[in-house]
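# Structural description and commentary
Letter by letter, the chains look like this.
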Amino acid sequence: MKSIKDILGFHLIYVIVDYGLGSKVLQSAKKMGVSGGTVFHGKGTANSSLLKFLSLYEERKEIILLGAEETLAKEVMQKLDQKFHFEKPNHGIMFSIPAYDVYGSSCNVRHDGIESEVKKFMYQIIITVVNRGLAEDVIDAAKEKGSKGGTIINARGSGIHETMKLFNMDIEPEKEMVIILSEKEDMRGIVDNIRKKLSIDEPGNGIIFVQDVAETYGIYQ
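Overview of the structure. Predicted model only: the values in this text are computed from it and were never measured.

### As for the overall build of the protein chain
- Looking only at helices and strands, the protein chain has five helices and 13 strands in total.
- When burial is assessed residue by residue, the protein chain has 43% of its 221 residues classed as buried.
- In the protein chain, 75% of the contacts between residues at least 6 apart in sequence involve partners at least 24 apart.
- When the accessible area of the protein chain is evaluated, it comes to approximately 11900 Å², of which 51% is carbon and sulfur surface.

Structure representation (structure tokens):
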């Protein structure tokens, strides 16, 4: 088990690319030293210059989630950028998020987040989980407050307020996860509008959480 002394910080890397490229990104990252990752399927909804890679409405996307020690994460992101050219329109985006408590996969790390108090984060990621069919409403609410769009991932969830019974069988409704990358100054307005329009504060209607973004590639104004 690795200790805090061995790892000063751990980052989660998100790479969002066109459908079919996920395996290539994952294999490349593994050759660069990342132990592994997960590929999710989703769709993009943005049609603005900030996220040009999502220029086609509801275009199919793949989201690759990687984890690595901070120094390695930065090196891998630089190499992936050189290989997949995220600086070019429609080639994808990539960003990393600090993770301070990591458990499993032979790597247990706890970090107090001192670095996050020093760094100046320009972007934040807003993740909203709602019942299936409401993701577009989340996107619309976010756009009203300056968002340029986001990525929708299908998921499943079960909780005290999210189950129903049919012939004495528990039914776990499908969920949709919406990932929105926002400039920090716009985050509060976007989150508050989603909460209002989707009645997020009512039991069973969803959940929102926000994280700082450490590094970004492929994002333009």
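### What about unusual backbone geometry?
- Here His85, not a glycine, exhibits a phi torsion of approximately 55 degrees, which is positive.
- One non-glycine residue, Ser199, lies in positive phi territory at about 50 degrees.
- Counting through the fold element by element, Ser199 comes out in the loop between helix H5 (184-198) and strand S12 (207-213).
- When its relative accessible area of 28% is taken as the criterion, Ser199 is described as partly exposed.

### As for the side chain of Ser182
- Note on placement: Ser182 falls in strand S11 (residues 174-183).
- Beyond its immediate sequence surroundings of up to four residues, Ser182 is in contact with Met122, Tyr123, Gln124, Ile126, Met187 and Ile190.

### Here we look at the packing of helix H4 (residues 135-143) against H5
- Following both chains from N to C, one finds H4 and H5 inclined at 135 degrees, their axes separated by 8 Å at the closest point. On the basis of the axis angle, H4 is oblique to H5. For the pair H4 and H5, the sense of crossing is right-handed. In this structure, H4 contributes Asp137, Val138, Ala141 and Ala142 to the contact, and H5 contributes Ile190, Asn193, Ile194, Lys197 and Leu198.
- Tallied by class, the residues present in the contact of H4 with H5 amount to six nonpolar, one polar and two charged.

### Focus: the packing of helix H1 (residues 22-31) against helix H2 (residues 70-84)
- Here H1 crosses H2 at 135 degrees, and the two axes come no closer than 10 Å. Compared by their axis directions, H1 and H2 come out oblique. You can see that H1 and H2 cross each other, and the crossing is right-handed. On the side of H1, the interface is formed by Lys24, Val25, Ser28 and Ala29, while H2 contributes Val76, Leu80, Lys83 and Phe84.
- Its residues assigned to classes, the contact of H1 with H2 shows five nonpolar, one polar and two charged.

### A few points about the pattern of salt bridges
- Within this structure, the stated rule accounts for six salt bridges.
- Glu144 is the salt-bridge partner of Lys197, the closest N and O atoms lying 2.6 Å from each other. Here Lys197 is found in helix H5, whereas its partner Glu144 is found in the loop between H4 and strand S8 (151-156), with 53 residues between them in sequence.
- Between Asp192 and Arg188 there is a salt bridge, with its nearest N and O atoms 3.7 Å apart. With Asp192 and Arg188 both in helix H5 and four residues apart, this pair spans about one turn of that helix.
- When its relative accessible area of 36% is taken as the criterion, Asp192 is described as partly exposed.

### Considering the packing of aromatic side chains
- What the rule picks out here adds up to two aromatic pairs.
- When the ring of Tyr14 is compared with that of Phe95, the centres are 5.2 Å apart and the planes differ by 10 degrees; the resulting orientation is stacked. Taken together, the residues Tyr14 in strand S1 (residues 10-18) and Phe95 in strand S4 (residues 93-99) connect sequence positions 81 residues apart. Like Phe95, Tyr14 is buried.
- For the cation-ring pair, Arg60 lies above Tyr19, with the distance from its terminal atom to the ring centre recorded as 3.7 Å.
- Lying across the ring of Phe84, Lys83 places its NZ or CZ 5.8 Å from the centre.

Rules behind the numbers
Residues numbered from 1 in each chain as written. Predicted model: local features only at pLDDT ≥ 70, side-chain atom pairs only at ≥ 80, totals over all residues. Heavy atoms only, no water. Helix = DSSP H or I, 4+ residues; strand = E, 2+ residues; numbered from the N terminus. Buried < 20%, exposed > 50% of the residue type's maximum accessible area, 1.4 Å probe, protein only. Contact = heavy atoms within 4.5 Å. Areas by Shrake-Rupley, 256 points an atom, 1.4 Å probe, with all protein chains shown as cover. Axes fitted to C-alpha atoms, helices over the stretch in contact; angles between N-to-C directions. Parallel < 35°, antiparallel > 145°, perpendicular 65-115°, else oblique. Left-handed = near helix turned anticlockwise from the far one by under 90°. Nonpolar A, V, L, I, M, F, W, Y, C, P; charged D, E, K, R; others polar. Salt bridge = Lys/Arg side-chain N within 4 Å of Asp/Glu carboxyl O. Phe/Tyr/Trp six-rings, centres within 6.5 Å; stacked < 30°, edge-to-face > 60°. Lys NZ or Arg CZ within 6 Å of the ring centre and 35° of its normal.

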